[in-house]
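Structural characterization, general
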Amino acid sequence: MTRKKGDCGPKHQEHACAILQSRSLPDSSAIVRGMRVEIPAQLVERLAAAERVVALTGAGVSAESGVPTFREAQTGLWAQYRAEELATPEAFQRQPKLVWDWYEWRRTLVAKAAPNPGHFALSELEQLVPEFSLLTQNVDGLHQRAGSQRVIELHGSIFDTLCFDEGTQVLTWSDDGSVPPRCPRCAGWLRPGVVWFGEPLPEAALASASRAAAECQLLLSIGTSSLVHPAARLPYDAKAAGALIVEINPTETALSKHADYVLRGPAGEMLPQLLRLLRKAKAAR
Ligand code: APR
């Protein structure tokens, strides 16, 4: 059967379909949800040979842990709001209690969530690649909980708290019933330590991420819609510097047509399979 880009056969197979986007090459097989999935052998070989690899992750990596992504419709209490409308300094200034409560809800959700096989596969990948950089847009700490040692958090952490006015980190405050709580130093509002739309990324994190992207030989873009800059720019920088770009995502993104390989499936299934093939390839070298 011949396949063209995006044609994975019957609809129910689409989720677990890995597509060799650029060339037609012999494949290695993997079984995902009982279906045969093709992960290109040449991709596995390139990964096995790479000394410097970057993984750039987004909300999709945590989807299988039960943490909703940003651009999917919200459910329950928060169904009437769009994440993009809550995650801005302006929204916080307008409705600080609403925004604080939303993050409190997400904090509780994330604290109860557990890392999934995709997170664990990435922490193992760190052990297999000589220089591995994990750049994440996620603020949920699940990569660290899966054992990843070196994680560059581009958008901060939901478990950090900052003074809204001073931008300084605040570790403790008294609970006087105020929502959001008040800064113990200046009595201004406290806010979550995440990067909101329109805010700059932490300088050191962005500099390290840019350097890693520019120097890597292979970049995996996993579970991100590739829409939010400057993180979304990193794969293009890597590509311009000669890196192979691999996307893992069940749906098409802004990056898909620029990627050398697209693995069309959920990270929690594709990454463990890729890791299994990588181990095999490394053992055979
Ligand atoms: N495995 C892999 N990818 C998945 C999965 C999965 N199981 N489930 C969903 N996805 C993909 C979606 O197809 C989508 O492309 O994850 C992506 C999630 O996209 P977004 O919600 O836009 O998340 P992200 O790209 O991380 O957003 C970037 O925007 O809202 C801000 O600061 C926030 O860090 C966030 C940034």
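The structure we're discussing is the one just above.
Below is a summary of the structure that appears in this document. Bear in mind that the values here come from a model prediction, so they are computed numbers and not experimental data. (Residues numbered from 1 in each chain as written. Predicted model: local features only at pLDDT ≥ 70, side-chain atom pairs only at ≥ 80, totals over all residues. Heavy atoms only, no water.)

**A word on the site of the ligand**
Inspection of the region around the ligand gives 21 residues, with E64, R71, T224, S225 and T251 positioned closest. Contact distances for the ligand include 3.2 Å between an oxygen atom and a backbone N or O atom of G223. T251 places a side-chain nitrogen or oxygen 2.7 Å from an oxygen atom of the ligand. Given that more than half its atoms are within 2 Å of the pocket grid, the ligand belongs to the largest pocket. (Near = heavy atom within 4 Å. Polar contact = N/O pair within 3.5 Å; in protein donor to acceptor, adjacent residues only side chain to side chain. 1 Å grid on protein atoms, 1.4 Å probe; cavity = no way out; pocket = protein on both sides within 12 Å on 5 of 7 lines; lining within 4 Å. Sits in = over half its atoms within 2 Å of the grid points.)

**Overview of the packing of helix α6 (residues 117-128) against helix α10 (residues 267-284)**
At their nearest, the axes of α6 and α10 sit 7 Å apart, and the two run at 25 degrees to each other. Considering the angle they form, α6 stands roughly parallel to α10. Crossing of α6 over α10 shows left-handed handedness. Contacts from P117, G118, A121, L122, E124, L125 and L128 in α6 reach A267, G268, L271, P272, L275, L278, R279 and K282 in α10. (Axes fitted to C-alpha atoms, helices over the stretch in contact; angles between N-to-C directions. Helix = DSSP H or I, 4+ residues; strand = E, 2+ residues; numbered from the N terminus. Parallel < 35°, antiparallel > 145°, perpendicular 65-115°, else oblique. Left-handed = near helix turned anticlockwise from the far one by under 90°. Contact = heavy atoms within 4.5 Å.)

**Digging into the state of the cysteines**
Scanning all chains against the criterion turns up zero disulfides. With no disulfide of its own, C183 has C163 as its nearest cysteine by sulfur position, at a separation of 3.8 Å. Among the residues examined, C183 registers a relative accessible area of 4% and is labelled buried. (Disulfide = S-S within 2.5 Å. Buried < 20%, exposed > 50% of the residue type's maximum accessible area, 1.4 Å probe, protein only.)

**Quick look at helix α1 (residues 41-49)**
For α1, the set of buried residues is L43, V44, L47 and A48. All buried residues of α1 fall inside an arc of 135 degrees around its axis, so they share one side. (Arc of directions from axis to C-beta.)

**Quick notes on empty space enclosed by the protein**
Scanning the entire structure with this criterion turns up three cavities of 30 Å³ or more. Estimates place the volume of the largest cavity at around 90 Å³. Surrounding the largest cavity, A59, S62, V67, P68, T69, F70, R106, V110, N138, V139, D140 and I158 form its lining. Residues that form the lining of the largest cavity fall into these classes: seven nonpolar, three polar and two charged. Two domains each donate at least three residues to the lining of the largest cavity, and these are domain 1 (40-66 + 114-155 + 201-285) and domain 2 (68-112 + 159-194). (Points joined across faces, edges and corners; volume = space filled by probe spheres on them. Nonpolar A, V, L, I, M, F, W, Y, C, P; charged D, E, K, R; others polar. Domains from an automatic or database assignment.)

**Observations regarding the nonpolar core**
L218, L220 and I222 are the most contacted members of the largest nonpolar core, which totals 32 residues. Listing elements by their share of this core, those giving two or more residues are α1, β4 (52-57), α6, β5 (131-136), β9 (218-222), β10 (244-248), β11 (261-264) and α10. Looking at which element gives the most residues to this core, the answer is α10, with eight residues. Contact partners of I222, with chain neighbours within four places excluded, come to A55, L56, T57, G58, V61, L122, I248, A267 and L271. If you look at the next biggest cluster of nonpolar residues, it comprises 21 residues, including A205, L206, L219 and A259. (Core = buried A, V, L, I, M, F, W, Y, C linked by side-chain atoms within 4.5 Å.)

**Observations concerning the side chain of R106**
Within the fold, R106 resides in helix α5 (residues 96-112). For the buried R106, no salt bridge is present, and the opposite-charge side chain at shortest range is D140, 6.7 Å distant. If we ignore the near neighbours within four places in the chain, the residues touching R106 are V67, P68, F70 and I158. (Lys, Arg positive; Asp, Glu negative; His and termini not counted. Salt bridge = Lys/Arg side-chain N within 4 Å of Asp/Glu carboxyl O.)

**Some details on the pattern of salt bridges**
Overall, the coordinates contain 11 salt bridges when judged by the stated rule. Residue E85 pairs with R82 through a salt bridge whose shortest N-O separation is 3.3 Å. By relative accessible area, E85 is classed as partly exposed at 43%. You can call R82 partly exposed: its relative accessible area is 45%. A single salt-bridge network, built from bridges that share partners, covers R82, E84 and E85.

**Here we look at the packing of aromatic side chains**
Applying the stated criterion across every chain, the model contains five aromatic pairs. A connected cluster of aromatic rings, assembled from ring pairs, spans F92, W102, Y103, F164, W189 and W196. The ring of F70 has R106 sitting right over it, with the charged end atom 4.8 Å from the ring centre. Against the face of W196 rests R191, its NZ or CZ located 3.8 Å from the ring centre. (Phe/Tyr/Trp six-rings, centres within 6.5 Å; stacked < 30°, edge-to-face > 60°. Lys NZ or Arg CZ within 6 Å of the ring centre and 35° of its normal.)

**As for the layout of surface pockets**
Vacant regions in the atomic arrangement are exposed by a probe of water-molecule size rolled over the atoms. Considering only enclosed or pocket space, the largest pocket measures out at about 720 Å³ in volume. Here the residues of the lining of the largest pocket are counted per class, giving 17 nonpolar, 15 polar and four charged. In this structure, the lining of the largest pocket is formed jointly by two domains, domain 1 (40-66 + 114-155 + 201-285) and domain 2 (68-112 + 159-194), each of which donates at least three residues.

**Some remarks on the pairing of β11**
On a regular strand, each side chain points to the face opposite its neighbour's, so the side chains alternate between the two faces of the sheet. Along β11, one buried face is formed by Y261 and L263 and the opposite face, lined by V262 and R264, is buried too. Alignment of β10 against β11, held across three bridges, turns out to be parallel. In the strand pairing of β11, V246 is matched with Y261. (Pairing = 2+ DSSP bridges.)

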